[in-house]
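As a plain string of letters, each chain reads:
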Amino acid sequence: MVKEEIKRLVEAKGARVGVIGLGYVGLPLAVEFARKGLRAVGFEVDARKAELINQGESYIGDVHSAALAEVVKAERLHATTDFDELSSCDAIIICVPTPLRKTKEPDISYILAAAEQIQKRLRRGQLVILESTTYPGTTDEVLLPMFEEGGLKLDEDFLLAFSPERVDPGNPQFHTDNIPKVVGGCTDDSTEVAAALYGLIVKEVHAVSSARVAEAAKLLENTFRAVNIGMANEMARLCYHLGIDTWEVIRAAATKPFGFMAFYPGPGIGGHCIPLDPHYLSWKARQHGFDSRFIGLAEEVNSRMPEHVATLVTDALNDEQKSLKGSRVLILGVAYKKDIDDVRESPALSIIDRLRAKGAEVVYHDPFVAEVRFDDAHTQGSGEPLHSTELTDEELSAADCAVIVTDHSGLDYDRVCRLSKVIVDTRNALSRDQRKASCAKIVRL
Ligand SMILES: NC(=O)c1ccc[n+]([C@@H]2O[C@H](COP(=O)([O-])OP(=O)(O)OC[C@H]3O[C@@H](n4cnc5c(N)ncnc54)[C@H](O)[C@@H]3O)[C@@H](O)[C@H]2O)c1
């Protein structure tokens, strides 16, 4: 049986693992397999990334170049743009992007492109696992028929599973090896072998009865976050109208030892996951005539936060007898969350866009992001990139308003408080003492 063949190889750590797509998800995964003594091959369409990996240079914050260089030097990991090497892999894991189309419908074209490369070379004895976040049914409705087209049969010749990735970039506590891994195969054999493979690199594997359950579990996790952040954002806007300190309210509610989990408001949601993944679920729901109303509502509330932040800036300047038009606004942090360099879907871009549209002169400082580019979704600034400005005393004093959009840890908030005239703090980054000591007008979300 093919199950026994692949499992034997896995258990002996003799399986060669191919990872397709070496980004935030794929690179840490490939490195982890290599660190645990397996031979890993990374497949990338971006030749520059493949080259960097082969030189032992990491471009992902959570992967240290020293750890990468060690496994590259030991010949346990190399990257390639040549997909013919897929034939030599016993396990193939797909970690390519799953964006949305402009219509907010799932775009699984990257998964299909990776699957086509596999399909051309699929041979007896291979286990294929999809890790890209996607709607329930992708693995067995889309991938399985593709892989069986050439005559090979699931369970007789190859195995197929889905295992969602839960990596949290920049999280110092949780990494690939200590985040439990959910695994669901298209068949029991697929689940069993995929679970055995991940068991080599993670402490806990949670097997479920199907690929669909695993796909839906991932979407539930991220939809849960989107909905609860939406609730916190709505509460923040309500508290603003009522003149109540939202953060103090949340802190108080969080003292309840059961039945409450704290979520915090912010300038809007960002990154490749939370703003996108719920749409994969609502799209699938629509295919079945089901209207997922929580998802729609959370999207509506969360996507209005950049507009709310722009209003806070306008109102704060107004209180100082200044108009937004012509004012210099310094954005502190453009990454979608603290201590990382990722600006995908970052609310900072929408905030900058809105402020510029109203005639503000916008500059930004972010120690992690040297430059931001604006695509067609952002209408202002004629597509010119913005560059991070140095956070000098002069820059802080020259700004009419400083807006803390991302609460990076390394920023000197004492200096921000000392030199700014007006501060809009969207992350509760300033402590009570810093606020008290500051002469600036401070507005919090
Ligand atoms: N970033 C996260 O925090 C995170 C967390 C959990 C799940 N995910 C999910 O994991 C998947 C990957 O996300 P990511 O953040 O790693 O994306 P990413 O953009 O950082 O990396 C994807 C990589 O795949 C490469 N690629 C694209 N098409 C390819 C192809 N056909 N063959 C080979 N390489 C190809 C790209 O060049 C890129 O390097 C997505 O489905 C995402 O939703 C991401």
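The structure we're discussing is the one just above.
Residues numbered from 1 in each chain as written. Predicted model: local features only at pLDDT ≥ 70, side-chain atom pairs only at ≥ 80, totals over all residues. Heavy atoms only, no water.

Caption draft 1: Seen up close, the overall build of the protein. Counting its secondary structure elements, the protein contains 16 helices and 15 strands. What you see for the protein is a C-alpha radius of gyration of 24 Å, in line with the 22 Å of a compact globule of 445 residues. Across its three principal axes, the protein shows a C-alpha extent of roughly 75 × 50 × 45 Å. Long-range contacts, defined here as pairs at least 24 residues apart, represent 70% of the contacts in the protein between residues at least 6 apart. Carbon and sulfur atoms provide 51% of the accessible area of the protein, an area that totals close to 20,100 Å². (Helix = DSSP H or I, 4+ residues; strand = E, 2+ residues; numbered from the N terminus. Rg over C-alpha atoms; globule rule 2.2 N^0.38 Å. Contact = heavy atoms within 4.5 Å. Areas by Shrake-Rupley, 256 points an atom, 1.4 Å probe, with all protein chains shown as cover.)

Caption draft 2: Representation of the site of the ligand. Near the ligand you find 27 residues, and of these Val 25, Glu 44, Lys 49, Thr 98 and Thr 133 are the closest. Val 25 has a polar backbone atom sitting 2.9 Å from an oxygen atom of the ligand. At a separation of 2.6 Å, an oxygen atom of the ligand approaches a polar side-chain atom of Thr 98. In the complex, 92% of the free accessible area of the ligand, which totals 830 Å², lies under the protein chains. Counting residues per element, the shell around the ligand draws most heavily on helix α5 (residues 109-121), at 3 residues. For the shell around the ligand, the class distribution of residues is 16 nonpolar, 6 polar and 5 charged. (Near = heavy atom within 4 Å. Polar contact = N/O pair within 3.5 Å; in protein donor to acceptor, adjacent residues only side chain to side chain. Nonpolar A, V, L, I, M, F, W, Y, C, P; charged D, E, K, R; others polar.)

Caption draft 3: Representation of the environment of Leu 386. Tracing the backbone shows Leu 386 in strand β12 (residues 386-387). Accessibility expressed as a relative area gives 13% for Leu 386, which makes it buried. Residues Leu 386 and Ile 201, spaced 185 residues apart in sequence, show a C-alpha to C-alpha distance of 40 Å. Apart from residues no more than four positions distant in its own chain, Leu 386 is found in contact with Ile 352, Arg 356, Val 362, Tyr 364, Ala 370, Glu 371, Val 372 and Phe 374. (Buried < 20%, exposed > 50% of the residue type's maximum accessible area, 1.4 Å probe, protein only.)

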